[in-house]
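Summary of structural features
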Amino acid sequence: GIPKGGVGVSLADQGISSGPEGIQQGFPQYAGVEMLYFNSFAIGTNPFVVAQVNNTIDSSDSVSKVVGNHTMKFGGQYIWYQVKQAPDLVGNGTFSFFGSGAQSTGNGFADFLLGLPDFYSQQSSPTFHELSATGGIFAEDSWRVRSGLTINYGLRWDYIRPWSELDNQGTTLVPGVESKTYPGAPIGYLVPGDPLPNGQTLPSTIAPTPLDDFSPRLGLAYSPNWSKGFLGKLAGGPGKTSIRLGAG
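Residues numbered from 1 in each chain as written. Predicted model: local features only at pLDDT ≥ 70, side-chain atom pairs only at ≥ 80, totals over all residues. Heavy atoms only, no water.

Remarks on the sheet that holds strand β12 (residues 243-247)
Pairing is antiparallel across the open sheet formed by six strands, whose spatial order is β3-β4-β7-β8-β11-β12. The open sheet terminates on both sides in strands that have one partner only, identified here as β3 (48-67) and β12. Between one strand and the next, the sheet's axes are offset by a mean angle of 10 degrees, whatever the strand orientation. Direction of pairing for strand β4 (residues 70-89) relative to strand β7 (residues 128-146): antiparallel, over a ladder of 16 bridges. Paired with Gly-75 across the strands is Phe-138, a residue of β7. (Pairing = 2+ DSSP bridges. Helix = DSSP H or I, 4+ residues; strand = E, 2+ residues; numbered from the N terminus. Axes fitted to C-alpha atoms, helices over the stretch in contact; angles between N-to-C directions.)

As structure tokens, this is what we get:
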């Protein structure tokens, strides 16, 4: 995402003042011809630069043990996600020529030749450190009741944490509620830590983390010992047919 074309062209080269009344380049090391937007095309140096680093830490283990007619298994897993984004967002500015400004000629390219942009945009962005995690634990048993009949049963619990930002830079919309962290923000625009109408506080994850995600399972495997008559012929003899049922 690092700009390649036009690097090295300064504001002065384009006749643009960089003094107090002009434009301050946010990222001089990526200086170039500013991005110019028209109705059907665009030219200039890419204004978006993002350096992103992802880390995924995965830990899991399981244990099996046979006790008599029971084969038991226990285990769990935890995955921690980290994403660091360092965006250089429109630090050097963009001009738009769509032919719709107050002093426009009605033609975007003609406005460009006359130096009459519809608007100019320049922004900056902090670094974002985004975090999330998922995990789960389980226990199951395979019980061989007798020859030809086995019952499987178990339970799993899953933990799925929504994404959050280390410095609480996430936002959400709750209509009609005013932010206590930023009282001047538009009504309904909230950040983590703001109080909610139900008396709770907006968590860093914006959405709540459910803690009741349980998944039971039940299975049955049966091999009938049919050897005579119609059923014996249908089954193909002892041990030739298996009936399996499962739910979970």
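Once you've had a look at it, read on.
What about empty space enclosed by the protein?
In the structure shown here, the tally under the stated rule is one cavity of 30 Å³ or more. One number sums up the size of the largest cavity: a volume of about 120 Å³. In terms of lining, the largest cavity is formed by 17 residues, of which the most central are Tyr-30, Thr-45, Asn-46, Pro-47 and Asn-92. Residue classes in the lining of the largest cavity are distributed as nine nonpolar, six polar and two charged. (1 Å grid on protein atoms, 1.4 Å probe; cavity = no way out; pocket = protein on both sides within 12 Å on 5 of 7 lines; lining within 4 Å. Points joined across faces, edges and corners; volume = space filled by probe spheres on them. Nonpolar A, V, L, I, M, F, W, Y, C, P; charged D, E, K, R; others polar.)

Focus: the environment of Asn-39
The residue Asn-39 is located in the loop between β1 (35-37) and β2 (42-43) in this model. Judged by relative accessible area, which is 57%, Asn-39 ranks as exposed. Along the chain, Asn-39 and Phe-98 lie 59 residues apart, while their C-alpha atoms are 5.4 Å from each other. Ignoring sequence-local partners within four residues, the contact set of Asn-39 consists of Phe-97, Phe-98 and Gly-108. (Buried < 20%, exposed > 50% of the residue type's maximum accessible area, 1.4 Å probe, protein only. Contact = heavy atoms within 4.5 Å.)

A word on the pattern of salt bridges
Tallying each qualifying case throughout the model produces two salt bridges. The shortest N-O distance in the salt bridge between Glu-140 and Arg-217 comes to 3.3 Å. In this pair, Glu-140 sits in strand β7 while Arg-217 sits in strand β11 (residues 214-222), placing the two residues 77 residues apart along the sequence. By relative accessible area, Glu-140 is classed as partly exposed at 28%. Overall, Arg-217 belongs to the partly exposed group, its relative accessible area being 48%. (Salt bridge = Lys/Arg side-chain N within 4 Å of Asp/Glu carboxyl O.)

Overview of unusual backbone geometry
A positive phi angle, near 55 degrees, is found at Asn-168, a position not held by glycine. Positionally, Asn-168 belongs in the loop between β8 (149-165) and β9 (172-173). We classify Asn-168 as partly exposed; its relative accessible area is 37%. Here Ile-206, not a glycine, exhibits a phi torsion of approximately 65 degrees, which is positive. Its location among the elements puts Ile-206 in the loop between β10 (189-190) and β11. You can call Ile-206 partly exposed: its relative accessible area is 24%.

Comments concerning the environment of Gly-108
Tracing the chain through its elements places Gly-108 in helix α1 (residues 108-114). Distance from Gly-108 to Phe-98, taken between C-alpha atoms, is 4.5 Å for residues ten residues apart in sequence. Residues in contact with Gly-108, not counting those within four places in the same chain, are Phe-38, Asn-39, Phe-97, Phe-98 and Gly-99.

What to know about the layout of surface pockets
As a volume, the largest pocket reaches approximately 170 Å³. Split by residue class, the lining of the largest pocket holds six nonpolar, two polar and one charged.

Topic: the pairing of β11
Successive residues of a regular strand alternate their side chains across the two faces of the sheet. In terms of strand pairing, β8 meets β11 through nine bridges, oriented antiparallel. By the bridge assignment for β11, Trp-157 is matched with Phe-214. Summarising the sheet, β11 and β12 pair through five bridges and their orientation is antiparallel. By the bridge assignment, Ala-221 is partnered in β12 with Arg-244.

Structural notes on the sheet that holds β2
Taken together, the four strands give an open sheet; going across it, the order is β2-β1-β5-β6, and neighbouring strands pair in mixed fashion. Each edge of the sheet is formed by a strand with only one pairing partner; in this case those strands are β2 and β6 (119-121). As paired strands, β1 and β2 are joined by two bridges and run antiparallel to one another. Note on β2: the bridge partner recorded for Leu-36 is Ile-43.

Everything listed here is a matter of geometry and, on its own, says nothing about what the molecule does.
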